[in-house]
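Topology and contacts: notes
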Protein chains: 2
Amino acid sequence: MEDRFKMSILLDLYGTLLTDKQRDILNLYYNDDLSLAEIAENMETSRQAVFDIIKRCHKILLEYESRLGLMQKEISRENSKGELLGMLDGLAEGSRSGEISEIRSFVIENL
Amino acid sequence: MEDRFKMSILLDLYGTLLTDKQRDILNLYYNDDLSLAEIAENMETSRQAVFDIIKRCHKILLEYESRLGLMQKEISRENSKGELLGMLDGLAEGSRSGEISEIRSFVIENL
């Protein structure tokens, strides 16, 4: 996964564990695509300070993911959801009870 | 929700964010139902030290839940899952397309 895209997802998932300032800076960098210099001006601080915060939070977010794995679970859930929708599409074409029981088992095991 | 039960769930959800020692102690207390004195003996430390760790981690776990809300999301997902299973049961009795389309929308919005 492209790093910027991944960090933006991790920020969505774990942003509430950062300080407001850290979250603001990462938002400007990963979601609004501002440069370090622009963020520094925006936050009235130095480019180096912004760089350090981004670098540190990058590591923090990866650490949270390695411990809680919320992104990985989200991906797996999205896959299950897609699979379930495919099964429902199949059901809509043919006819009933065997398939329905299969869907039930799938939902119980995966969602 | 009964406090001990809630803490046991929070420990499942956020235990990887604690140190090994903190997690071990909370496991003995909330899941294995050992007394403070028993845990102290087990871990070769004082009853007071065990009490302090449990008290501190109790606060930490509640703080994680207030920031990430994983337990709340889990409850909400379980409710959705129950509702979906109910819909599938209904579908199995009657007949098709309107209901199936309803299930699809439900899955897309909720799971």
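Below, the structure is looked at part by part. (Residues numbered from 1 in each chain as written. Chains lettered and ligands numbered in written order. Predicted model: local features only at pLDDT ≥ 70, side-chain atom pairs only at ≥ 80, totals over all residues. Heavy atoms only, no water.)

1. A look at the pattern of salt bridges
Residue and element names in this part refer to chain A. Here is the rule: Whenever Lys or Arg places a side-chain nitrogen within 4 Å of a carboxyl oxygen from Asp or Glu, that contact is recorded as a salt bridge. Helix numbers and strand numbers start at the N terminus; a helix is a DSSP run of H or I with at least 4 residues, a strand a run of E with at least 2. Using a 1.4 Å probe on the protein chains alone, a residue whose accessible area is under 20% of its type maximum counts as buried, one over 50% counts as exposed, and one in between counts as partly exposed.
Considering all chains together, one arrives at ten salt bridges over all chains under this definition. Between aspartate 20 and arginine 23 there is a salt bridge; the shortest N-O distance is 2.6 Å. Linking aspartate 20 with arginine 23, this pair stays in helix α2 (residues 20–31), spanning three residues, or about one helical turn. Look at arginine 23 and you get partly exposed, because its relative accessible area is 24%. Glutamate 78 is paired through a salt bridge with lysine 81; the nearest N and O atoms lie 3.9 Å apart. Placement of both glutamate 78 and lysine 81 in helix α5 (residues 70–93) is noted, with a separation of three residues, approximately one turn of the helix. Among the residues examined, lysine 81 registers a relative accessible area of 12% and is labelled buried.

2. Quick word on the interface of chain A and chain B
Put simply, the rule reads: Contact definition: two residues touch when any of their heavy atoms are within 4.5 Å. The quantity reported as buried area is the accessible area (1.4 Å probe) lost by two parts once they are put together, taken as the sum for both. Whenever a nitrogen or oxygen atom comes within 3.5 Å of another N or O atom, the pair is scored as a polar contact, on the condition that within protein one atom can donate a hydrogen and the other can accept it, and that pairs from neighbouring residues in sequence are kept only if both atoms are in side chains.
Every contact between the two is made by 26 residues of chain A and, on the other side, 26 residues of chain B. Counting the surface lost from both chain A and chain B, the interface buries some 2,300 Å², and carbon and sulfur atoms represent 68% of this. There are zero salt bridges connecting chain A and chain B. Applying the counting criterion to the chain A and chain B interface returns four residue pairs in polar contact (both at pLDDT 80 or more). For the side of chain A that touches chain B, the secondary structure elements donating two or more residues are α1 (3–14), α4 (47–68), α5 and α6 (97–110) of chain A. Among the elements that take part in the side of chain A that touches chain B, α5 of chain A stands out by supplying nine residues, more than any other.

3. Focus: the environment of glutamine 22 of chain B
Residues and elements named next belong to chain B. Considering the arrangement of structural elements, one finds glutamine 22 in helix α2 (residues 20–31). Along the sequence, glutamine 22 and isoleucine 53 sit 31 residues apart, while their C-alpha atoms lie 6.7 Å from each other. For glutamine 22, the side chain forms a polar contact with the main-chain nitrogen of threonine 19, separated by 3.0 Å.

4. Re the nonpolar core
As a reminder of what qualifies: The nonpolar core is taken to be a set of buried Ala, Val, Leu, Ile, Met, Phe, Trp, Tyr and Cys residues, with the residues joined through side-chain atoms within 4.5 Å.
Tyr14, Leu26 and Leu61 of chain A together with Tyr14, Leu26 and Leu61 of chain B are the most contacted members of the largest nonpolar core, which totals 42 residues. Filtering out sequence-adjacent residues up to four positions away, leucine 61 of chain A remains in contact with Met7, Leu10, Leu11, Tyr14, Leu18 and Leu26 of chain A. If you look at the next biggest cluster of nonpolar residues, it comprises 18 residues, including Leu85, Ile103 and Leu111 of chain A together with Leu91 of chain B.

5. Quick word on the packing of aromatic side chains
All names here are of chain A. The criterion, for reference: Here a Phe, Tyr or Trp ring, Trp counted by its six-membered ring, pairs with any other such ring whose centre lies within 6.5 Å, and the pair is stacked when the planes are under 30 degrees apart, edge-to-face when over 60, and tilted otherwise. Only Lys NZ and Arg CZ are tested; either one counts as a charge over a ring when it is within 6 Å of the ring centre and within 35 degrees of the ring normal.
Tallied over the full model, the rule gives four aromatic pairs over all chains. Aromatic pair tyrosine 14 and tyrosine 64: ring centres 5.8 Å apart, planes at 20 degrees, arrangement stacked. Here tyrosine 14 is found in helix α1, whereas its partner tyrosine 64 is found in helix α4, with 50 residues between them in sequence. You'll find tyrosine 14 and tyrosine 64 in the same group, each marked buried. Looking at arginine 4, its charged tip hangs above the ring of tyrosine 29, at a distance of 4.9 Å from the centre.

6. Observations regarding unusual backbone geometry
Residues and elements named next belong to chain A. Non-glycine residue glutamate 44 carries a positive phi angle of around 50 degrees. Among the structural elements, glutamate 44 can be located in the loop between α3 (36–42) and α4. Among the residues examined, glutamate 44 registers a relative accessible area of 75% and is labelled exposed.

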